Amino acid sequence: ILGKTNTNTTFDAMEYHVLAYLDDIKGRIADVRACEERIAEIRHQMGVRGTTYSGMPGPPNAYGDAIPDGLAMIEEQKSRYDDELAIHGAEIDHAWNLCRPHASENRHLLWLKYVQGMSWAKVARSIHVSNAAVYRMRTAGIEELYAAMPEEWRRDDAHKAVLRS
């Protein structure tokens, strides 16, 4: 059961803290995805390389040290990916568990809008409600998520987040 919000906390303050929290989660997801994309980019750059053994000076590989260098780059990126997951994975998972559809449709629409970047109209269509209903649910979602999110995100001095539009 979720705790009650402080009645002295204004809705605007709750909204600010909730949006800062979701923006932080969105940034964490972006950091992890950037590592995944870099690994895919390196793999694509390596492509399928042929080998020729026909009298070329130097290594028998037509691309010299490109493949071993590429493999080293992939390993380096995998290490960064593992580090990013270690740093951000638990926070992302916790936020998702708070906002997943079966936890709360009100909080889930906040995830769709602020983490996944959907428009309000698309959010309404995806959860099969009217645009007016989405705006009512948004208010309830902010109040619910404020009560459920980690305590450190409810403190005024807890973050220096710059909200992205």
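Residues numbered from 1 in each chain as written. Predicted model: local features only at pLDDT ≥ 70, side-chain atom pairs only at ≥ 80, totals over all residues. Heavy atoms only, no water.

(A) Local environment of the packing of helix α3 (residues 105-115) against helix α5 (residues 131-148). Where α3 meets α5, the axes come as close as 7 Å, and the angle between the chain directions of the two elements is 100 degrees. It follows that α3 is roughly perpendicular to α5 by the angle criterion. Contact with α3, carried on its side by E105, N106, R107, L109, L110 and Y114, involves V134, M137, R138, A140, G141, I142, E144 and L145 of α5 and no other residues of that element. The residue inventory of the contact of α3 with α5, partitioned by class, reads 8 nonpolar, 2 polar and 4 charged. (Axes fitted to C-alpha atoms, helices over the stretch in contact; angles between N-to-C directions. Helix = DSSP H or I, 4+ residues; strand = E, 2+ residues; numbered from the N terminus. Parallel < 35°, antiparallel > 145°, perpendicular 65-115°, else oblique. Contact = heavy atoms within 4.5 Å. Nonpolar A, V, L, I, M, F, W, Y, C, P; charged D, E, K, R; others polar.)

(B) Summary view of the packing of helix α1 (residues 11-46) against α3. The interhelical angle for the contact between α1 and α3, taken along N-to-C directions, is 60 degrees, at an axis separation of 10 Å. The angle between α1 and α3 falls in the class oblique. Of the two possible hands of crossing, α1 and α3 adopt the one that is right-handed. Facing V18, L19, L22, I25, K26 and I29 of α1, the residues of α3 in contact are L110, W111, Y114 and V115. A breakdown of the residues in the contact of α1 with α3 according to their chemical character gives 9 nonpolar, no polar and 1 charged. (Left-handed = near helix turned anticlockwise from the far one by under 90°.)

(C) Up close: the nonpolar core. With 30 residues, the main nonpolar core has V18, Y21, L22, V123 and L145 as its most contacted residues. Contributing elements (two or more residues each) for this core: α1, α2 (66-99), α3, α4 (120-126) and α5. Ranked by residue count, the leading element in this core is α1, at 8 residues. Discounting chain neighbours no more than four positions away, the residues touching L22 are C99, L110, Y114, V115 and L145. (Core = buried A, V, L, I, M, F, W, Y, C linked by side-chain atoms within 4.5 Å. Buried < 20%, exposed > 50% of the residue type's maximum accessible area, 1.4 Å probe, protein only.)

(D) Spatial organisation of the pattern of salt bridges. Per the stated rule, a full pass over the model turns up 6 salt bridges. For E15, the salt bridge identified is with R138, shortest N-O distance 2.2 Å. In this pair, E15 sits in helix α1 while R138 sits in helix α5, placing the two residues 123 residues apart along the sequence. Classification of E15 as buried rests on a relative accessible area of 18%. With a closest N to O distance of 3.5 Å, R154 and E151 form a salt bridge. Overall, the relative accessible area of 45% leaves E151 in the partly exposed class. (Salt bridge = Lys/Arg side-chain N within 4 Å of Asp/Glu carboxyl O.)

(E) Fine view of the confidence of the model for the protein. Summary statistics for the protein give a mean pLDDT of 82 and a share of 77% for residues scoring 70 or more. Mean pLDDT across the elements of the protein bottoms out in α2 (86) and peaks in α3 (97). In the predicted structure, residues 1-5 sits below a pLDDT of 50 and forms 8 contacts with residues beyond four places in sequence or in another chain. Scored below 50 in pLDDT, residues 161-165 shows 9 contacts in the model against residues more than four places distant or in partner chains. (pLDDT = per-residue confidence, 0-100.)

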